[in-house]
Amino acid sequence: MTPLEIILNTLSGGKTPRPGVLNPVSSTTVQQMEMTDSYFPEAHTDPEKMFELSRANYEILEYDGIMPVFSVVIEAASLGCKIDWGKIDTMPRVIGKLWKDYRDIVINDDFLESQPARAVLKCITMLKNRYPDVAIIGKVFGPWTLSYEFFGVEDFLIKTITDPDEVKDILRKLKSITIKFARAQIDAGADIITIADHATRDLCSPESYRDFLIPIHSLLAEEIDAPIILHICGDTSDRIDYIARTGMEAFHFESKVDACHAVKVALDRIILVGNINNPTTLLFGKKEDVKKEVEYAIDCGVKIIGPECAVPLNTPLENLKEIERATKNHGSNSKSRI
Ligand SMILES: [Zn+2]
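All of these numbers come straight from a predicted model, not from anything done at the bench.

Chemist: Talk me through helix α15 (residues 317-329); I want residue IDs and the actual numbers.
Modeler: In an α-helix, one turn spans 3.6 residues; hence positions three or four apart end up facing the same way. When the terminal C-alpha atoms of α15 are compared, their 18 Å separation across 13 residues agrees well with the 18 Å that a helix rising 1.5 Å per residue should span. For α15, every residue scored as buried is listed here: L317, N319, L320, K321, E322, I323, E324, A326 and T327. On its buried face, α15 sits against β1 (20-21), α2 (30-36), β9 (271-276), α13 (278-284), α14 (287-300) and β10 (304-307).

Given below as structure tokens:
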């Protein structure tokens, strides 16, 4: 099976000769920028540099998928937010707040014509043409995360308590950005779409996830015509059951959730992805530590292995490569823990 077939088969619940390996969010590091001569911040908006840097996912790390959207600001930049594009070793961020309330929201029809969005779309087409047998993964942000960017985290979270109806209206409106950008990425050649929506426990109670986000995420799953990997950082143990009801194909989750616990809750409703710890294991651990976590996750039943979130930009290359080695070498004689 090709890497693409392994990933697509896995996401549709089929059998594969081995677990998949990829990161549905950024795997890039300064070291890979040096190896590909393609650096931040230009690689966020220059399609050629984005292509060179992202294909390190396959050429250097030998993962089954390539994900070229390194930052979290493409939609915000395209809609008019001020952006600090960062430096070689820092990620971009949104400066200030574009809107104060629901009535301020203006979504220009041509936001995909903006330079940052066009760069992503062009890069995806270049990747698909060059790597037809590798999973090309697009990435968009869900309306919960977009609300943080447009309204500011604090102001938006206050609204969830003071004016839940306005929050529902905001999410309904902003979801059109997510759907439009995802569809454009699919048309450009993306095989899979990551939806990152940071409804993490610190910022979104399980009841908020149930009331605000199950309806919206279910709708995204219907409207976006490609397998979806939902990414939510942090401890999500209290909402995996809800996430599994949305109809999305996969959930990319952090090591704060025990892999065996996640698989037990998800059952066969949603495929689990990720789970290798970034701040301790990948950043400071030894290869043996990485291998141990990979084997634990696979034995629990995580089907696609990878870093748990966007990797820190100084993560050692050897540890990122060890995820690939340990996943592909994982013995077929190992016993399942469940
Ligand atoms: Zn994350």
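Read on for the rest.
Chemist: Tell me about the layout of surface pockets, residues and numbers included.
Modeler: When its volume is computed, the second largest pocket comes out at roughly 220 Å³. What lines the second largest pocket is a set of 15 residues, and nearest its centre among them are F70, V72, H198, C309 and A310. Residues that form the lining of the second largest pocket fall into these classes: 10 nonpolar, 4 polar and 1 charged.

Chemist: Outline the state of the cysteines, supporting the account with residue identities and numerical values.
Modeler: Taken as a whole and judged by the stated rule, the model has 1 disulfide. Here C260 is linked by a disulfide to C300, with a sulfur-sulfur distance of 2.0 Å. Classification of the bridge connecting C260 and C300 rests on its S-S torsion, roughly -80°, and on that basis the disulfide is left-handed. With C260 in helix α12 (residues 259-266) and C300 in helix α14, this pair connects stretches of sequence that are 40 residues apart. Accessibility classification places C260 together with C300 in one group, the buried group. Unpaired in this structure, C123 has its nearest cysteine sulfur neighbour in C309, at a distance of 20 Å.

Cut-offs and rules
- Residue numbers here run from 1 along each chain, matching the order of that chain's written sequence.
- Per-residue local features of the predicted model are confined to residues with pLDDT of at least 70, and side-chain atom pairs are confined, for both listing and counting, to 80 or more; whole-chain, interface and lining totals are unaffected and use all residues.
- Derived side-chain values reflect all non-hydrogen atoms in the structure, with water molecules and hydrogen atoms excluded from consideration.
- Secondary structure is summarised from DSSP: a helix means a run of H or I of at least four residues, a strand means a run of E of at least two, and numbering begins at the N terminus for each.
- To estimate how far a helix should reach, multiply one less than its number of residues by 1.5 Å.
- Burial classification: accessible surface area is computed with a 1.4 Å probe over protein chains only, and a residue below 20% of its type maximum counts as buried, one above 50% as exposed, and the rest as partly exposed.
- Should any heavy atoms of two residues lie within 4.5 Å, those residues are considered in contact.
- Lining residues are those with an atom within 4 Å of a point, where the points come from a 1 Å grid over the protein atoms alone and group into cavities, where a 1.4 Å probe fits but cannot get out, or pockets, open sets with protein on both sides within 12 Å along at least five of seven lines.
- Grid points are joined across faces, edges and corners, and a volume is the space filled by probe spheres set on the points.
- Three categories are distinguished: nonpolar for Ala, Val, Leu, Ile, Met, Phe, Trp, Tyr, Cys and Pro, charged for Asp, Glu, Lys and Arg, and polar for the others, with Gly belonging to the last.
- Note on terminology: pairs of cysteine sulfur atoms within 2.5 Å are recorded as disulfides.

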